[in-house]
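A closer look at the structure
Residues per chain, in single letters:
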Amino acid sequence: MTVFVSRDKINSGFTSKVQRLADQNLMACYQCGKCSAGCPMAAYMDVPPNQMIRLAQLGMEDELLDSEAIWLCVSCMTCNMRCPKGVRIAELIESMRQIKLRARQDHLQAEKISKADLRAIPPIALIGSMRKFTS
Amino acid sequence: MKLSYFPGCTLKNHARNFEDSTLYAMDRLGVEAVELDRWNCCGTVYSLSADDLMRQVAPIRNLLRTRERGDSQLMTGCSMCFNTLKRANHRARASEEDLARMNDFMYDEPVDYAGDVDVLHVLEVVRDQIGFDAIRERVVKPLEGLRVACYYGCMLVRPNEAAIDDAENPRVLEDLITVLGGEPVDYSHKTECCGAHQTVDKPEIIADKTYEILGAAKAQGADTVAVSCPLCAFNLDHRQEATLKIHSDFHTMPVVYFSQLMAIALGGSESVLRLDLHHTPPGPLLTGKGLL
Ligand code: SF4
Ligand code: SF4
Ligand code: SF4
Ligand code: SF4
């Protein structure tokens with residue numbers, strides 16, 4: 001991915017919004033990559049976790065909010081437990097999902113889930129995905 | 001010993017096998033699990049946003065129900081409920097201001113929550129209150145020759161404030177299997193996430209995870225994988241159909257709840273196991289080992 005860094009983006013307020021929603025300091029990250037190394041979803045992500053953090057530091061709102069990666073994170077907490085700087089990556093990614101969801105931009109259309117799936121899939125999965133993917 | 005008990009939604013339908021076997025095993029071990037009268041869904045996933053106190057209210061209400069019974073401990077078997085309840089409780093205890101705001105949201109409750117209920121997982125009760133020695137004495141049908149890969153997933157070991165054991169190398173399930181007379185198998189994927197709620201719209205990812213996790217267990221000679229979460233169970237067992245479609249060299253394998261293995265070893269009949277709820281039937285394996 002090619003991205004263009006600009007002062008406008010850095011100062012856009014996106015970085016501080018993400019930090020506030022997550023109650024985290026993005027700048028603590030020193031890009032060791034350990035979060036991505038252990039992430040069970042990294043192989044499916046268009047932007048792996050350490051890059052999400054870097055882009056968020058630089059105010060790259062569109063690159064993050066339009067990514068698939070923010071929806072692929074399952075909050076398994078592996079990254080949080082292993083980050084040598086104590087950055088809570090899962091909280092930061094949740095705050096990016098929240099920015100979309102609070103603007104009513106849902107990721108999952110529950111009405112499109114088939115009747116057969118609704119019967120077969122247990123509530124623990126259905127409620128979990130609705131909580132993570134809908135406003 | 002009596003303990004307040006929170007079943008959670010999934011144990012009341014898709015995971016009856018988990019609930020029935022848990023209650024049977026607890027009863028055999030002298031624990032009477034008293035289900036809360038008016039429990040509500042915990043919300044499944046813990047809300048991670050700093051400002052989202054509203055979503056902590058559902059789990060906290062269950063702790064208030066516990067207090068109403070005059071109890072200060074709440075036990076649950078579903079790892080996901082456990083994690084959500086325990087983290088909400090941790091959040092309530094960590095900040096008086098947050099707790100006050102949560103109580104404001106619950107204006108309809110006659111008393112405020114004071115952070116004074118402990119959330120316990122069944123495995124903690126087994127290890128810390130009943131104790132492995134007491135369990136060993138009650139085993140009537142040892143799981144002889146059964147090689148079990150224990151799967152913790154995420155919710156029992158992460159994050160620290162919810163963990164019941166070491167995050168990278170937990171032992172409680174292996175210790176339990178040993179006491180029950182079975183052989184725990186060491187393998188690489190016991191705390192690797194199964195993909196969780198992605199199962200709803202991305203079952204192909206779960207298929208990859210199931211292939212990896214069960215493959216790693218099988219490579220170490222496991223006969224079965226034991227879980228403690230109905231979502232892990234659904235993904236590792238029911239998604240074997242999708243796994244087989246994507247990975248033609250995949251070998252199906254029965255997945256069971258740790259509580260079913262307890263029930264077997266403690267003398268339970270087949271009716272408490274509800275084997276009809278499994279996708280890959282554990283029956284042939286258990287019969288083959290003389291355990292049914
Ligand atoms: S593990 Fe922590 S410090 Fe390392 S890249 Fe990830 S967020 Fe940054
Ligand atoms: S919490 Fe999300 S980003 Fe972190 S390891 Fe798990 S899936 Fe990956
Ligand atoms: S987490 Fe799941 S099983 Fe537990 S109460 Fe909520 S929906 Fe039910
Ligand atoms: S279902 Fe997945 S997310 Fe839940 S505990 Fe199991 S491994 Fe973790």
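Every chain's residues receive numbers from 1 upward, in the order its sequence appears when written. The naming scheme follows written order: chains are lettered A onward, ligands numbered 1 onward. Where local features are concerned, this predicted model is filtered to residues with pLDDT of at least 70; where side-chain atom pairs are given and counted, the filter is 80 or more; whole-chain, interface and lining totals use all residues. Based on all heavy atoms of the structure, the side-chain values leave hydrogens and waters out of the count.

Digging into the packing of aromatic side chains
Residue and element names in this part refer to chain B. Going by this rule: In this scheme Phe, Tyr and Trp rings, the latter by its six-membered ring, pair at centre separations within 6.5 Å, and the angle between planes marks the pair as stacked below 30 degrees, edge-to-face above 60, and tilted otherwise. By the criteria applied, helices consist of DSSP H or I runs no shorter than four residues and strands consist of E runs no shorter than two, each listed in order from the N terminus. For each residue, the accessible area found with a 1.4 Å probe, counting protein chains only, is set against the maximum for its type, and the residue is called buried under 20%, exposed over 50%, and partly exposed in between.
In this structure the tally under the stated criterion is five aromatic pairs over all chains. When the ring of Phe18 is compared with that of Tyr257, the centres are 4.2 Å apart and the planes differ by 5 degrees; the resulting orientation is stacked. You can see Phe18 sitting in helix α1 (residues 16-28) and its partner Tyr257 sitting in strand β8 (residues 255-257), a full 239 residues away along the chain. In terms of burial, Phe18 and Tyr257 fall into one category: buried. For the ring pair Phe18 and Phe258, a centre distance of 5.9 Å and an interplane angle of 80 degrees mean the geometry is edge-to-face. Placement of Phe18 in helix α1 and of Phe258 in helix α11 (residues 258-265) is noted, with a sequence separation of 240 residues between them. Judged by its relative accessible area of 0%, Phe18 is buried. According to the relative accessible area criterion, Phe258 is buried, its value standing at 0%. An aromatic cluster of three or more residues is present, and its members are Phe18, Tyr257 and Phe258.

Observations concerning the domain arrangement of chain B
Where interface size is quoted, it is often the accessible area lost as the parts come together. Residues and elements named next belong to chain B. Keep this limit in mind: Bear in mind that the domain bounds are from an automatic or database domain assignment. Every residue pair with non-hydrogen atoms within 4.5 Å of one another is taken to be in contact. Salt bridge, as applied in this entry: a Lys or Arg side-chain nitrogen positioned within 4 Å of an Asp or Glu carboxyl oxygen. We call two N or O atoms a polar contact when they sit within 3.5 Å, provided that within protein one can donate a hydrogen and the other can accept it, with sequence-adjacent residues counted only if both atoms are side-chain atoms.
Domain annotation for chain B reports domain 1 (2-122) and domain 2 (132-288). With centres defined by C-alpha atoms, the gap from domain 1 to domain 2 works out at 24 Å. Taken together, the contact pairs 26 residues of domain 1 with 28 residues of domain 2. For the pair domain 1 and domain 2, the interface holds zero salt bridges. Viewed at the interface, domain 2 and domain 1 are joined by 12 residue pairs in polar contact (both at pLDDT 80 or more). Listed by contribution, the elements that provide at least two residues to the side of domain 1 that touches domain 2 are α1 and α3 (79-94). When residues of the side of domain 1 that touches domain 2 are assigned to their parent elements, the largest contribution, nine residues, is made by α1.

Topic: the site of ligand 3
Rules: To be near a molecule or strand, a residue needs just one of its heavy atoms within 4 Å of it.
Around ligand 3 lies a shell formed by Ile124 and Ile127 of chain A together with Phe6, Gly8, Cys9, Thr10, Cys41, Cys42, Thr44, Cys78 and Cys81 of chain B. At the site occupied by ligand 3, nearby residues are drawn from chains A and B.

Examining the layout of surface pockets
Over the atoms a probe the size of a water molecule is rolled, and this reveals where empty space is left. This is how it is decided: Only protein atoms enter the 1 Å grid, on which a cavity is a set of points fitting a 1.4 Å probe that cannot get out and a pocket is an open set with protein on both sides within 12 Å along at least 5 of 7 lines, lining residues being those with an atom within 4 Å of a point. Grid points are joined across faces, edges and corners, and a volume is the space filled by probe spheres set on the points. Side-chain classes are defined by residue name, with Ala, Val, Leu, Ile, Met, Phe, Trp, Tyr, Cys and Pro counting as nonpolar, Asp, Glu, Lys and Arg as charged, and the others, Gly among them, as polar.
Each pocket or cavity is described by its volume, and for the largest pocket that value is around 310 Å³. Lining the largest pocket are 15 residues, and of these Arg88 and Glu91 of chain A together with Tyr46, Leu48 and Arg91 of chain B lie nearest its centre. The element contributing the most residues to the lining of the largest pocket is α3 of chain B, with four residues. Its residues assigned to classes, the lining of the largest pocket comprises five nonpolar, four polar and six charged.

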